[in-house]
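# Structural features, examined
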Amino acid sequence: MKHWLLKSEPGTFSVDDLAASPRQTTRWDGVRNYQARNFIRDEMKKGDLAFFYHSSCPEPGIVGIVEITREAYPDETAFDSRDEHFDPKSERSNPRWYVVDVRLKRKLDKPLALVKLKQYAGDRLSDLRLLKRGNRLSVIPVASKNWRFILSLER
DNA sequence: GCCAACGTTGGC
DNA sequence: GCCAACGTTGGC
C-alpha cells in the first residue's frame, strides 16, 4: 500500500466540506498537472491512504486522513465547457485527466502545521517532497517511514 | 529542439 | 500583494 498527500485550498474545498459530503466521500477532480495525473492514474490504488493538506490559507498543514476508495477514472469536469477545469484537448475517447474517489477516515484532533513539519526538514523528513524547495505538486507520494513519523507527531 | 513569455502555485 | 519556482505555450 502506498501513501500520499493531497493538497486542497480550504476556501475551495476543506476537510470540513469532505466531512459534510455524502458518505464523507468526494471525487478528487480538477488536477491539471501531468505528474500529478500520472500518480493518480497509474499508481494510486484502492485502500491507499493520503494526508489531506490545506494549502494557500492562514495555517497550511495536514488536517485529515483519507482513503482511496475508487481507482482512476476519467475526469468529467474536463469535458464540460462550463466548468472552470474544462480542457478542450481532453476527449472522451482519449481522456487526458483522471480522478479518484477519496473517503475521509478521520480529521486530525490537532492539525499538523507546515511550520511544524519544517522543523524536521533537515533530518527525519529530509526526503519529504512537500518540504522541498519549489514544490508545487498537488499530489505527492509520501514514503511509509515519513508517513509513520508524521503520524507520531500527532501526540 | 530551443527559449522567451506567460500563467499558476503557494508560502510569507 | 510579493515573489520564487515551476510548467506550458508557441514562434522560430
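The following paragraphs examine the structure supplied in this document. Since the model is a prediction, treat every value here as computed from it, not as a measurement. (Residues numbered from 1 in each chain as written. Chains lettered and ligands numbered in written order. Predicted model: local features only at pLDDT ≥ 70, side-chain atom pairs only at ≥ 80, totals over all residues. Heavy atoms only, no water.)

### What about the layout of surface pockets?
Rolling a probe over the atoms, with the probe sized like a water molecule, indicates the empty space that remains. Computed from the structure, the largest pocket encloses a volume of approximately 560 Å³. Along its surface, the largest pocket is lined by 18 residues, and Lys7, Ser8, Thr12, Asp29 and His85 are the ones closest to its centre. Secondary structure elements with two or more residues in the lining of the largest pocket: strand 1 (3-8) and strand 2 (25-27). Here the lining of the largest pocket is built from residues that sort into three nonpolar, eight polar and seven charged. (1 Å grid on protein atoms, 1.4 Å probe; cavity = no way out; pocket = protein on both sides within 12 Å on 5 of 7 lines; lining within 4 Å. Points joined across faces, edges and corners; volume = space filled by probe spheres on them. Helix = DSSP H or I, 4+ residues; strand = E, 2+ residues; numbered from the N terminus. Nonpolar A, V, L, I, M, F, W, Y, C, P; charged D, E, K, R; others polar.)

### What about unusual backbone geometry?
One non-glycine residue, Arg23, lies in positive phi territory at about 55°. Assignment of secondary structure puts Arg23 in the loop between helix 1 (15-19) and strand 2. For Arg23, a relative accessible area of 69% corresponds to the exposed category. (Buried < 20%, exposed > 50% of the residue type's maximum accessible area, 1.4 Å probe, protein only.)

### Observations concerning the protein's contact with DNA strand C
Around DNA strand C, the structure places Tyr34, Lys89, Arg133, Gly134 and Arg136. Protein-proximal atoms of DNA strand C, defined as those within 4 Å of the protein, fall in sugar or phosphate at a share of 67%. Here Lys89 contributes a side-chain N or O atom positioned 3.3 Å from a phosphate oxygen of DNA strand C. A distance of 2.8 Å separates a phosphate oxygen of DNA strand C from a polar side-chain atom of Arg133. Here the residues of the surface near DNA strand C sort into one nonpolar, one polar and three charged. (Near = heavy atom within 4 Å. Polar contact = N/O pair within 3.5 Å; in protein donor to acceptor, adjacent residues only side chain to side chain.)

### A closer look at the packing of aromatic side chains
Overall, the coordinates contain five aromatic pairs when judged by the stated rule. Residues Trp28 and Phe52 carry aromatic rings whose centres are separated by 5.6 Å and whose planes lie at 90° to one another, so their mutual orientation is edge-to-face. With Trp28 in the loop between strand 2 and helix 2 (34-43) and Phe52 in strand 3 (residues 49-54), the pair connects residues that are 24 residues apart, well separated along the chain. No difference in accessibility class separates Trp28 from Phe52, as the two residues are buried. Measuring from ring centre to ring centre gives 4.8 Å for Tyr34 and Trp97, while their planes differ by 35°; the resulting arrangement is tilted. Of this pair, Tyr34 sits in helix 2 while Trp97 sits in the loop between strand 4 (61-74) and strand 5 (98-113), and the two are 63 residues apart along the sequence. With relative accessibility at 43%, the residue Tyr34 sits in the partly exposed group. Sitting over the ring of Tyr73, Arg70 keeps its end group 3.5 Å from the ring centre. (Phe/Tyr/Trp six-rings, centres within 6.5 Å; stacked < 30°, edge-to-face > 60°. Lys NZ or Arg CZ within 6 Å of the ring centre and 35° of its normal.)

### Things to note about the nonpolar core
Counting 41 residues, the largest nonpolar core has Ile62 and Val139 as its most contacted members. Among the elements that take part in this core, strand 5 stands out by supplying six residues, more than any other. The residues contacting Ile62, other than those within four sequence positions of it, are Leu5, Phe51, Phe52, Tyr53, Leu108, Pro111, Leu112, Leu117 and Ile150. (Core = buried A, V, L, I, M, F, W, Y, C linked by side-chain atoms within 4.5 Å. Contact = heavy atoms within 4.5 Å.)

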